[in-house]
Amino acid sequence: MQRAKALVVDDEPDICELICLTLERMEIDSERAGTVDEAQRLLRDQPFDLCLTDMQLPGRSGLDLVREVQQHHPDLPVAVITAHGSMDAAVEALKAGAFDFVPKPVDLGMLRKLVDSAMQLSRGRLPDPRSRRTLLGDSDAMQRIRGTIVKLARSQAPVYISGESGTGKELVARTIHEKGGRADKAFVPINCGAIPAELMESEFFGHVKGSFTGATSSKEGLFQAADGGTLFLDEIAELPQHMQVKLLRAIQERAVRPVGSQAEIPVDVRILSATHKDLATLVEAGGFRQDLFYRINVIQLNVPSLRQRREDIPMLVEHVLGRLNGDSRQALRLSDDAMEALSRYPFPGNVRELENILERALTMAEGDLITADDLMLPEHDPMSPVPALGGGAIPEPDEGFLLEDYLEDIERSVVTKALEKTDNNKTAAAQLLGISFRALRYKLKKLGLE
């Protein structure tokens, strides 16, 4: 097998020598360039499997080279070498399409891990990135999501996944991980809202024996468990302020300090995060740190609601029923009226609610046909995106039910109706709702209605 080749772009001979020597020990050949123009000539003349470039170069910067590579060599992973403490420059490079970054002074262990991940991408050892087996749907929205995931998988940039509850944000995060260069390492999901505040630091960063009452032995944290892989921070908006500070430091320093320890432990994790809340609004209201939001939101990916891709419902129904039927000889299917009812239903709980509805219908159906009555859908106003409070049935809480989401959907529906009733006059709508104009403006932003 032909040896891989890397392009190293740096005007400091000592750093170039160090990187090239490290690559040689990894059985990777290298070419050197001192400027962006020289690097461009080499890129035109021969193929490379990886490009490593310093940010500070004579003439044009490493950021210019990142953009050049993205435009003319999109399949080439390019990583940047940044000055110590220059996180802003690193974030800018990631936004421009850099695969990853390594700060000066160059940590050789971190460099080797970066190169290993890049080689997995270049040598094509990854599964088919356009598989529909996990993210189902042929709608334009889902095709765009899958196409975006292909690009995100080729990067190590932090990704913030937004979207309503039940849309499949964790599935999107897991797919990014499985299609990327860290696929052979751990994917560690954390529900930030499910960990008691007093245990959060220990769960995230670990602790040493005797560091607090009950710490009878040392324990590694979730950051250490995800070392080399991906850490998925679900419902990150639920993090208390003191943990937001510690998380920011862990991301910036790429190191964690276990509770009770005096030493930091280096960790190499890719951060993916998600929440159903509007983080930008929380930042404005002071509920979430702006500097942390800036670090985790290098790239944002919005997962569409089921209402925005109704054409995918038949495919999702087929998939869910196939899974629920399992090995049963009596495979149940939906009647035409049941499918029609599902196509009209607003699905405030999205795909998760669809799964719950079908699972319930499976137990209610007689014979091998699920009817519209078997679905037991809550009554709803066809003009409203959520079940009506008036004559509609109050949903019965189940495993996928989230009270906060349900109440937020009701609030969105009522505010929308008030605006329609007043021809979008916000002052009149606020009076109709019995709240101040300022409170209405805040709600419009929070509910995504502005």
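Participant: An account of the overall build of the protein chain is needed here, citing residue identities and associated values.
Facilitator: Counting secondary structure elements, the protein chain contains 19 helices and 16 strands. Dimensions along the principal axes, computed over C-alpha positions, put the protein chain at roughly 75 × 55 × 50 Å. By the burial criterion, 48% of the 450 residues in the protein chain qualify as buried. Counting contacts in the protein chain only where the partners sit at least 6 residues apart, residues at least 24 apart contribute 68% of the total. Taken as a whole, the protein chain presents about 22200 Å² of accessible surface, with 49% of it coming from carbon and sulfur. The protein chain carries 54 positive and 70 negative side-chain charges, and their two centres are separated by 3 Å.

Participant: A description of the packing of aromatic side chains should follow, citing residues and the corresponding values.
Facilitator: On inspection of all chains with the given rule, the structure shows six aromatic pairs. With centroids separated by 6.1 Å and ring planes inclined at 20°, the aromatic side chains of Phe 187 and Phe 232 adopt a geometry described as stacked. Of this pair, Phe 187 sits in strand E7 (residues 187–191) while Phe 232 sits in strand E10 (residues 230–234), and the two are 45 residues apart along the sequence. Like Phe 187, the residue Phe 232 is buried in the burial classification. Pairing Phe 204 with Phe 205 gives two aromatic rings, centres 6.0 Å apart and planes at 70°, and the pair type is edge-to-face. Phe 204 gets classed as buried once you look at its relative accessible area, which sits at 0%. For Phe 205, a relative accessible area of 4% translates into the label buried. Directly above the aromatic system of Phe 101 lies the positively charged group of Arg 254, at a separation of 4.0 Å from the ring centroid.

Participant: Hey, could you go over the nonpolar core for me, with residue numbers and the actual values?
Facilitator: Membership of the largest hydrophobic core comes to 30 residues, with the highest contact counts inside it found for Phe 204, Phe 223 and Leu 233. When contributions to this core are tallied by element, the ones reaching two or more residues are E7, helix H8 (200–205), E10, helix H10 (241–253), helix H11 (279–285) and helix H12 (290–296). No other element matches H10, which puts five residues into this core. Beyond its immediate chain neighbours, meaning those up to four positions away, Phe 223 contacts Phe 204, Phe 205, Leu 231, Leu 247, Ala 250, Val 256, Val 267, Val 269 and Ile 271.

Participant: Run through the pattern of salt bridges, naming residues and quoting values.
Facilitator: Counted under the stated rule, the structure contains 22 salt bridges. Note that Lys 104 and Glu 12 form a salt bridge whose closest N and O atoms lie 3.2 Å from each other. Of the two residues, Lys 104 is situated in the loop between strand E5 (100–103) and helix H5 (108–122) and Glu 12 in the loop between strand E1 (4–9) and helix H1 (13–25); the sequence distance between them amounts to 92 residues. For Glu 12, a relative accessible area of 37% corresponds to the partly exposed category.

Participant: Describe the environment of Glu 12, with residues and values.
Facilitator: Between the alpha carbons of Glu 12 and Asp 54 there is a distance of 9.2 Å; along the sequence they are 42 residues apart. If near-sequence neighbours (up to four positions away) are discounted, Glu 12 is found in contact with Asp 54 and Lys 104.

Participant: Could you give me a rundown of the packing of helix H2 (residues 36–45) against helix H3 (residues 62–72), with the residues and numbers involved?
Facilitator: Interhelical geometry of H2 versus H3 gives an angle of 20° and a closest axis separation of 10 Å. Compared by their axis directions, H2 and H3 come out roughly parallel. H2 and H3 meet at a crossing whose hand is right-handed. Residue-level inspection shows Val 36, Ala 39, Gln 40 and Leu 43 of H2 in contact with H3, the latter providing Leu 65, Glu 68 and Val 69. A per-class count over the contact of H2 with H3 returns five nonpolar, one polar and one charged.

Participant: Give a detailed account of unusual backbone geometry, specifying residues and quantitative values.
Facilitator: At the junction of Lys 104 and Pro 105, the peptide bond is cis and its omega measures out at -5° in the coordinates. Locating Pro 105 in the fold gives a position in the loop between E5 and H5.

Participant: Describe in detail the sheet that holds E5, supporting the description with residues and values.
Facilitator: Either a parallel or an antiparallel arrangement is found when strands of a sheet pair, and the pairing is made through backbone hydrogen bonds. Spatial ordering of the open sheet is given by E2-E1-E3-E4-E5, a layout of five strands whose pairing is parallel. The open sheet has two free edges, formed respectively by strand E2 (28–33) and E5, since each of these has just one partner strand. When the angles between neighbouring strand axes are averaged without regard to direction, this sheet yields 20°. Bridging between E1 and E2 involves six bridges; their strand directions are parallel. In the sheet register, Ala 4 faces E2, and the bridge partner there is Ile 28. Across the face of the sheet, H1 comes into contact with E1, E2, strand E3 (50–54) and strand E4 (78–82) while running at roughly 160° to E2.

What counts, and where the lines are drawn
- Residues numbered from 1 in each chain as written.
- Predicted model: local features only at pLDDT ≥ 70, side-chain atom pairs only at ≥ 80, totals over all residues.
- Heavy atoms only, no water.
- Helix = DSSP H or I, 4+ residues; strand = E, 2+ residues; numbered from the N terminus.
- Buried < 20%, exposed > 50% of the residue type's maximum accessible area, 1.4 Å probe, protein only.
- Contact = heavy atoms within 4.5 Å.
- Areas by Shrake-Rupley, 256 points an atom, 1.4 Å probe, with all protein chains shown as cover.
- Lys, Arg positive; Asp, Glu negative; His and termini not counted.
- Charge placed at Lys NZ, Arg CZ, Asp CG, Glu CD.
- Phe/Tyr/Trp six-rings, centres within 6.5 Å; stacked < 30°, edge-to-face > 60°.
- Lys NZ or Arg CZ within 6 Å of the ring centre and 35° of its normal.
- Core = buried A, V, L, I, M, F, W, Y, C linked by side-chain atoms within 4.5 Å.
- Salt bridge = Lys/Arg side-chain N within 4 Å of Asp/Glu carboxyl O.
- Axes fitted to C-alpha atoms, helices over the stretch in contact; angles between N-to-C directions.
- Parallel < 35°, antiparallel > 145°, perpendicular 65-115°, else oblique.
- Left-handed = near helix turned anticlockwise from the far one by under 90°.
- Nonpolar A, V, L, I, M, F, W, Y, C, P; charged D, E, K, R; others polar.
- Pairing = 2+ DSSP bridges.

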